[in-house]
Structure formats: structure tokens, C-alpha cells
Amino acid sequence: MKRIILFIAIAFTLNFAIAEAPLQVAKLTCEYIENPLGIDVQMPRFNWTFTSTKRNQLQSAYEIIVSNNIHDIQQGNGNIWSTGKIISSKNIQVEYAGTPLQSFIKYYWRVKVYNQNNDTSGWSKINFFETAMLDAKDWKARWISDDRKQFERDEDFYKDDRMPLLRKAFTATKPIASARLYICGLGYYEAYFNGKKTGDHVLDPGFTTYKKEALYVTYDITTQLKQGKNVAGIMLANGWYNPLPLRLFGRFNLRDVQQTGRPCVKAEIHLQYNDGTSDIITTDESWKTAPGPVIRNNVYLGEKYDARLEQKNWCLPNAELSAWKNASFVEGPSGRLTSQMQPPIRITKILQPIGIRETGKDTFIVDMGQNFAGVARIKARAPAGAKINLRYGEDLLADGRLNYFTTVAGQIKEQWHLSGGPGAPATAWQMDEYITKGAGVEVWSPRFTFHAFRYVEITGWQGKPALNEIEGLRMNSDLESNGTFACSNDMFNKLHEAIKWTFLSNVFSVQSDCPGREKMGYGADMVVTSGAYAYNFNMANFYRKTVSVFANEQQPDGGITEIAPYTGIADRGYGGESGPLGWELAFPYLQNLLYEYYGDKRIIADNYEALKRQIDFLKSKARDNNFYWDISDHEALDTKPEAFSATLFYFHHVQLVAKFAGILGKKEDSIKYANLGQQIQKTIVSKYYIPHTGRFDNATQSAQILALWYGISPDKDSSFKILMNEFERHDMHVSTGIFSTKMMFDILREQNKNDIAYTIANQKDFPGWGYMLSKGATTLWETWKYPDNAPSQNHPMFGSIDEWFYRSLLGINAAAPGFKKIIIKPQPVKELTWAKGNYISVHGNIISDWKISDNKYILHVSIPPNTTAEIWIRSKESADIKENNKPIVQNNDIKILRYENDYAVIATGSGDYFFTTEFIPR
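Residues numbered from 1 in each chain as written. Predicted model: local features only at pLDDT ≥ 70, side-chain atom pairs only at ≥ 80, totals over all residues. Heavy atoms only, no water.

**Student:** Now, about the overall build of the protein chain: what can you tell me, with residues and values included?
**Tutor:** If you tally the helices and strands in the protein chain, you get 16 helices and 50 strands. Within the protein chain, buried positions represent 62% of all 922 residues. Once local pairs closer than 6 in sequence are excluded, the contacts in the protein chain between residues at least 24 apart make up 74%. Summing over all exposed atoms, the protein chain offers an accessible surface of approximately 34,500 Å²; the carbon and sulfur share of this is 49%. The positive charge centre, built from 104 side chains, and the negative charge centre, built from 100, are 4 Å apart in the protein chain. (Helix = DSSP H or I, 4+ residues; strand = E, 2+ residues; numbered from the N terminus. Buried < 20%, exposed > 50% of the residue type's maximum accessible area, 1.4 Å probe, protein only. Contact = heavy atoms within 4.5 Å. Areas by Shrake-Rupley, 256 points an atom, 1.4 Å probe, with all protein chains shown as cover. Lys, Arg positive; Asp, Glu negative; His and termini not counted. Charge placed at Lys NZ, Arg CZ, Asp CG, Glu CD.)

**Student:** Could you give an account of the pattern of salt bridges, naming the residues involved and the relevant values?
**Tutor:** Considering all chains together, one arrives at 46 salt bridges under this definition. With a shortest N-O distance of 3.0 Å, D220 and R180 are connected by a salt bridge. With D220 in strand β15 (residues 213-220) and R180 in strand β12 (residues 176-186), this pair connects stretches of sequence that are 40 residues apart. On the basis of relative accessibility, which here comes to 45%, the residue D220 falls in the partly exposed class. Between E457 and R391 there is a salt bridge, and its shortest N-O distance comes to 2.9 Å. Of the two residues, E457 sits in strand β35 (residues 451-459) while R391 sits in strand β30 (residues 387-393), which places them 66 residues apart along the sequence. (Salt bridge = Lys/Arg side-chain N within 4 Å of Asp/Glu carboxyl O.)

**Student:** Break down the sheet that holds strand β3 (residues 45-51) for me, with residues and values.
**Tutor:** Backbone-to-backbone hydrogen bonds pair the strands of a sheet. The strands run either parallel or antiparallel. One open sheet holds the three strands; their spatial order is β1-β3-β7, and the pairing between them is antiparallel. The open sheet is flanked by β1 (24-30) and β7 (94-95), the only strands paired with a single partner. Relative to β7, β3 runs antiparallel, the two being bridged by two bridges. Paired with F46 across the bridge in β7 is V94. (Pairing = 2+ DSSP bridges.)

**Student:** Describe the state of the cysteines, with residues and values.
**Tutor:** Tallied over the full model, the rule gives zero disulfides. Left without a disulfide partner, C264 is nearest to the cysteine sulfur of C184, which lies 7.4 Å away. For C264, a relative accessible area of 1% gives the class buried. (Disulfide = S-S within 2.5 Å.)

**Student:** Which residues make up the pairing of strand β48 (residues 894-900), and what values do they have?
**Tutor:** Note: β48 against strand β49 (residues 903-908), six bridges, orientation antiparallel. Along β49, the bridge assignment pairs I894 with T908. Following β48, the chain reverses through two residues before pairing antiparallel with β49; N901 in that reversal takes a positive phi of roughly 50 degrees.

**Student:** How would you summarise the layout of surface pockets if you had to cite specific residues and measurements?
**Tutor:** Computed from the structure, the largest pocket encloses a volume of approximately 990 Å³. Contributing to the lining of the largest pocket are 37 residues, with W709, D746, R749, E750 and R807 lying nearest its centre. For the lining of the largest pocket, the secondary structure elements donating two or more residues are α4 (523-536), α7 (586-598), α9 (642-663), α11 (701-709), α13 (738-750), α16 (801-809) and β40 (812-814). Looking at the lining of the largest pocket residue by residue, the class counts come to 15 nonpolar, 11 polar and 11 charged. (1 Å grid on protein atoms, 1.4 Å probe; cavity = no way out; pocket = protein on both sides within 12 Å on 5 of 7 lines; lining within 4 Å. Points joined across faces, edges and corners; volume = space filled by probe spheres on them. Nonpolar A, V, L, I, M, F, W, Y, C, P; charged D, E, K, R; others polar.)

**Student:** Before we move on, could you go through the packing of α11 against α13 and cite the residues and values that matter?
**Tutor:** Their axes nearest at 9 Å, the elements α11 and α13 cross at an angle of 55 degrees. On the basis of their axis angle, the class for α11 and α13 is oblique. α13 is crossed by α11, and the crossing has left-handed handedness. Contact with α11, carried on its side by S702, I705, L706, L708 and W709, involves S740, K742, M743, M744, D746 and I747 of α13 and no other residues of that element. Looking at the contact of α11 with α13, its residues break down into seven nonpolar, two polar and two charged. (Axes fitted to C-alpha atoms, helices over the stretch in contact; angles between N-to-C directions. Parallel < 35°, antiparallel > 145°, perpendicular 65-115°, else oblique. Left-handed = near helix turned anticlockwise from the far one by under 90°.)

**Student:** So what about the packing of aromatic side chains? Which residues, and what values?
**Tutor:** All chains considered together, the criterion is met by 58 aromatic pairs. Ring centres of Y305 and W444 lie 5.9 Å apart, and the angle between their planes is 40 degrees; on these two criteria the pair is classed as tilted. Taken together, the positions of Y305 in strand β23 (residues 302-306) and W444 in strand β34 (residues 441-444) put the pair 139 residues apart, joining distant regions of the chain. Taking relative accessible area as the criterion, Y305 reaches 5% and is therefore assigned buried. Positioned above the aromatic ring of Y688 is the side chain of K687, whose terminal nitrogen or guanidinium carbon lies 5.8 Å from the ring centre. A cation sits over an aromatic face here: K825 above Y903, 5.0 Å from the ring centre. (Phe/Tyr/Trp six-rings, centres within 6.5 Å; stacked < 30°, edge-to-face > 60°. Lys NZ or Arg CZ within 6 Å of the ring centre and 35° of its normal.)

**Student:** Tell me what's going on with helix α12 (residues 716-729), and back it up with residues and numbers.
**Tutor:** When the terminal C-alpha atoms of α12 are compared, their 20 Å separation across 14 residues agrees well with the 20 Å that a helix rising 1.5 Å per residue should span. Buried within α12 are the following residues: S719, F720, I722, L723, M724, E726 and F727. Here the buried face of α12 lies against β39 (695-696), α11, α13 and α14 (754-761). Of the residues flanking the end of α12, it is D731, one or two places downstream, whose phi is positive at about 55 degrees. (Expected span 1.5 Å × (residues − 1).)

**Student:** Just give me the short version of the environment of A790, but keep the residues and values in it.
**Tutor:** Within the secondary structure, A790 is located in the loop between α15 (769-774) and α16. By relative accessible area, which is 17% here, A790 ends up buried. In sequence terms A790 and G38 are 752 residues apart; their C-alpha atoms lie 43 Å from each other.

**Student:** How would you summarise the side chain of Q430 if you had to cite specific residues and measurements?
**Tutor:** Turning to its location among the elements, Q430 is positioned in the loop between β32 (402-403) and β33 (431-435). Look at Q430 and you get buried, because its relative accessible area is 0%. Among the polar contacts made by the side chain of Q430, one reaches the main-chain amide nitrogen of A452 at a distance of 2.9 Å. The residues contacting Q430, other than those within four sequence positions of it, are Y300, L301, L390, R391, Y392, T407, F450, H451, A452, P515 and G516. (Polar contact = N/O pair within 3.5 Å; in protein donor to acceptor, adjacent residues only side chain to side chain.)

**Student:** Go over α9, please, and point to the residues and values.
**Tutor:** Taking 1.5 Å as the rise per residue, α9 with 22 residues should run 32 Å; its terminal C-alpha atoms sit 32 Å apart, in good agreement. Counted residue by residue, α9 has 18 buried out of 22 residues, so it is predominantly covered. Immediately downstream of α9, the backbone of G665 shows phi near 75 degrees, a positive value.

What follows is the structure, encoded as C-alpha cells:
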């Protein structure tokens, strides 16, 4: 009995000690996802963060165990991989190095960490990752569809074309332990089992270059199946795989440049029984198919649905199958199938309308109160055959009618006499149509399209629609939020919200320019906004997919396309299908962002040879290290410095490849590209700098900002003075384009001129962000000028200011990749009394929260464990700085490094810190 009591006491003491360990493991992820289902990475990477109640906590070592069964992992046994104690501070991008992984296995893992005093956390909670097809040969299924042939004439694509339904009845012969669905349905699909939809994804899979890559998704369908008879059902739609031959801008036909085909699907259902045996059901000719009720669908023009054509109980065992026939094998896309790792598109918010107005006979305008991307959902009661039309727009005309012109696909407008090709509508507006079946209240929303809108014009309604009979379904890639911002300037808070709405409107597996007119992945838009996106959302897997698509679109000569996936647009590129320099830049720029924000070195290694081919291509097109045309600083109000910017973008490419060579330890390449960069810089200065003046090229805001941001000026002070003169000439308003707007805030932050940045950002009249808000904008415009006809009212490009909110007003900046070392440097201005927010880095949560009260500057900072920080506190050298009400000189957790430009620079480790000092206005 005494031994039992002693054992219990020892166990309790050990558990208590572990619970009280200074450093505890918190969030665990594999390939940036908690408990991912269906990965196809041979050597996945592990990340973990920490919690701690004590300051200055560092990881000195870790242990990882991985097991292929729950029993071993619970016992602390890593039968697949056991690292032992690894002396390392690394807690991100830790690469699996155990026994080779096998397909279709759930692996369990946990980690134990040690702090700087060798105190152990004990084993973390158990997480898992599950593999899917690790090898293309793992696929047993084949592509299937109905037997309908592709249209040969362009005009026929615009006719009714009922989308196929597919079903398969199968029997689970024993009690089911687990079941998985692996599926790629192109262009879009929805999967059902026993009458219920599988998962909450919409518009799956993501848009890719199908001749190179198509994405499949893994679903856990265990709870949807039962022992005995089951029925699988699949709805297919066109998506991006079977687009209309619509000539966007009268020229660009997606069918000419992308691999296309009739809707098709490749899928496998894997059943694991309780007794350890298994079954696999694959797509083959035994599946049955029949036409469904979706009779038209297109990502631009919308969807037409005839509820009278629904196949009753089509994915239930008691379906009437007399009209069904066997499916046919089809070729399908030629690209490799890879697991979809970026966040899926979901319905992320349901909006209720704020008003409905009758604007004419049988015409009603519904105001959702917010511009966004998605579709409308209706609840209608009408006799069978009633046609309800929903037409979408971002704005209203002066007479209250719908203004659809800002979202017309590819500017195909009857008024402009711009043709979309044979069969195309005279005006390519966004419209959905629902034909009722006459069965009481019918609830419907389009499945296979998305629109940009605030207003919905309804015709064909029986009576007058009520507010509770229509909803807005906001849809977007369901990005994980990892940043917050608020401050005492209410205009900035409204702008921040508008930017987030804009950003989410433009992530439908591709970061787009706009969600209505084009929906395309323009490279420059990503370059200028990716930093702002990354502060607000976890972009790791989204941008990894983006880099992959750019790589897949790389041309045989090495050039990178302007848009990825490529849609035929190559405006002011340099031969073949390559894009202009600033747009090609997205390929290396996003790799660099993934490295700086997430410590992802693998993305650089995987794409290094492709980047070298791109550099070789650019070098072959340069003339004495110069380039002479480009789209340049898009949407700048002054004359654009076209050749100057083009050559600087070339310089930027070379700088990045030199950096990447250094990161990868390729010394010869690093030296070679660094030397090339120096030659290009000398050429730029020689050609575009006016000696002893500080002026570059045409000395506009754009030109001066570009020169300062790239650090090429021989006299930075003079160049900065010329820039300030330009701002004064514009009455402290922007004349900047998309590149120089982003760069402007970086320059002013680095120059400690946040008071100037604030003045520019806070302007209420044209041109500026305040002007947009004053005109009722709830998302950002494509142009500084009010867009009511051609430009979009939901465009991310000028959302780069949101990066300034985080980096200057909150002062959260990385001093090492992955925010392993952090700089907190808020730059308060006298017009603001407070700002607060956070950024959840890959290493953990970073908080910056400051306010000015009674002439005191109060700053709360939180630094995550296993990182260090430099905290810059606005202070005179003689000022009394306190931390937690004690002079910082008495605090051993803090070290004053120096005083610089009215800041006290302080070194800290992890923990929460509360500083107080006298406020110094600027």
C-alpha cells in the first residue's frame, strides 16, 4: 500500500512539474496546417509555438516522435521516427527525416522541448497528419464523364448545356472504421453521399495550369457512410476547365492558352473496416450518369438553374434510374494530380440586405450594404416555370438603376462596340437565373460561379421580395486571420475594414485583380499587396500554390507570364508570352516573402533553377543592362517613369537571385549575380540620375520613390528632398501608382518621417483613401478617381497602406526570417492618441499596444517565446523610462542598447512588457 501511495505521489509531482514547466508547447502544425488530411509531401515540415508565464524563454533542444498508431504515441514511442534530444533552437520548418512515409496512413506526432535551463515541457498533445497519394502510381481511378462531345462552334458554348450528375451505389460489407474520399472534379464539383453534401467547400478545386497540375481534395466521409448500401453522387460544372470562348477585351480567349475539356472527375473512396480489411471504389464506367438541373454556368457570366430538371433522390438508394446510363472514360487533364493545400473556398459570411427598392415594373434593387464577392441566396415561392433573374453590380446609376458596368467581364459592353466573339452576349454582365419547380418555398443559390457586387437587381419575382427572402453569401479562400489593427483615427479603422473586405473578395484560390471583370492573378498586384495580406492572414500555403502556378506557366525561353494561371494577356512583355518586368517580379518576390515571413527555405530551393532560367531570359532581353518599356507604376497620376522602372525591376530580380544563392550556399552564383546587380545599378545611375540634384528620371513622386526604395541614389538626402518637394507640389496628396504607393510608406518609415506618412494617408479629398470612403466605398477602387464605368470598385492594389498600419503605426517588423528576431518600433504622431493590434507570426503572437495619456507614452509589447526583440521607445535620452512601474535600469530582463533619433533602443527576450515614458511629439 505504501508503494502504491509513493508511486501516486511521484506521478503527481512529475505531472505537476511538467504542468509548471516554464516553456510549454502550444500550437502544432504540419505543412502549416493543424492535423492535415491528405498531404502528398514525402518529407513534411513541423512547426510549433509556445506558451509561457515567464520571460526570456528560449528553446535549447527538442524531441519529436512520430508513430503510425495511437497506442505507441500515447506510450511515448516513435516507431516511425524518434529524433532523440536535438540541441537546437529551431521550432519552425523542422523537416521529417524518419522511415519513408507510406500513402494513406494516419501518422501521429508530438514534441517535447527544453528551455535554456534544460527544463522540459513534457510531451505535447498528440497531433496527426494523414498522407494521401504520395506517388502518382497510387491512383487507381480514371477520369470519367458523360458521353457528350465538346462543342465545335464558339456560339454553341453559349447555349443551354446541362451539367452531368454521376452516381455510384456500393456496399460496405462490414462495420466501417474510417472512410476517405479523394477527388478532383473539373472544372468544379460537389460531392454527396446518401443525399448529403460532403464538406463545406465551394468552387473546388482551385484554378491551376491544368496541363501541368490539377488539385485533388481529401475528405473524411466516415460519418456519412454506413454498413450496407451507400450511394455516392457528384455534380460537375465548367469552372475554369471548360470556359466559354469569351474574348475578354475583344481579344483574349482562355481556351486558346489553357488546356480545356468537358467536365470530368477522378475520384476514389477508400473504406477501412474494423477488422483491418479494406475496399476501394474508383471512378470507372460502372458509374451512372444523367443530366442535371444546372443548364448554364460560367465563372464570369453566372449560372442558370432549372429546378424542374432536378433528378429526384439522385444520390439516394431509391432513385429512379431509367434515364441514367453508364459513364464514359475520358482523357482528362494531362497535369499531375497534387493535394490541394491552400485554404479551400467557403461561405465565410452571410449578409442581410439593408434595403429593397422598386425601380421599375417587375424590377427591384436589393442593397446588401457592402461590396463583396460571392452570390445571392433567395427564398422564393412561385408556380413551376417562373424565371427569377438576379443581375449584379457594385454601384447604382444616378436614377437608382443598377450600374453593372464596373464588373462587366473583359469590358464586353454593347456601348463600347467591343465583341466577345461569336455567340457572346452584347454586354457580358453577371447574372444568375432560377426557374422554379412550384414546390412551396424554394431556397436556391448558385453553386458554380461567383460575382462582385453590392447590389442585386431582381426581375421575375412573384410580388415584391422581402428583406428576409434574400441573402448575400460572401465566399473566399478561407484564410486564417492572423492580424488585428485599430487606432484612434476612425477613418483608418474604416479603411482597414474596407481593405480586408477587398482582400477577401480577391482570393478565390488565385489572388485576383478584381472578382468581377477579370478574376485574374496579375503578378504586380501580388508584389504590392502581399506584405499587407501576410500581416492580416496566414498566406503560407496560398502563396506556395501561387508560386507553383507561376512556375508551371514559365515559358520555354524562361520568361514568366504577366498572369498565372495564364489567360493570354502579355501586355508590354519582352517576347513570347512573358509579362512586363514588374509583373514577372511576382515569381521571386513571393518566394522571398515566404522566406521572410515563414522561414520557408524549401520554396527557394525548389524554384531556384526556374528562377535562374528567368534571369537568363531577362539578361538576354536587356540592352546594355537596360530595359525600355513596362506597364510601370500602374495608375500613377503623373507621367510614369517607364524605362526607369523597368530597369529597376530587372535589378530587383537579380538582387533576389543573388540573395537566394546565398541562402542556398551557392557561393559562385551569389558572387556572379551580386556583380551583375552592381553593374545594373551603375547603369541605372549613369542613365537616369541628374548629377548633384538628387533627381531621377522625370523626378515625379514615382521616380523619386523608386530610386529611394531601391537604394540607388548617390545622394539620398537630396533625393528625399526632391520627393518632399513633389508632395508639397501636390498639396501633400499622392500622385503615386501601385508600386510607389507601397514603397512610399516603407521609405517614410525608414526615414522616421511617419508624421509625413500620416498626413498623406489622412487626406480626405481627391486623391486618396479618405476620398474613396467619402464617396461611400466599402472596398478599394482600382483607380484614385471615382470609377463608375470601366475600372473596378473592388481592387486590392492600393491596399498596401494596410502594411503601414502594422509596420509603422504598430511598429511590428521582422529582423530575421520568420520573425525569429522582432523589431517593435511604433512611430507615434501627435494626431493619434492610441493604436493597438497584433500579428500572429509563425513563431507566435506579437502584440503592440500604445497610447498617449496625460503626456505619457504607454507601450505594451508581447514577444513570443523562443524569439528576441529590439523595442524602440520614443524617448529622450534623459527621460525616465519605466517598465511595469519600475525604472528599466533596475530590470535584468531588459538591456538598453543605445539611443537613436529620439528612440531608446531596448533588447528583450520573450514576455509581456509595459513601458511608460514622457511623450515626445513629432
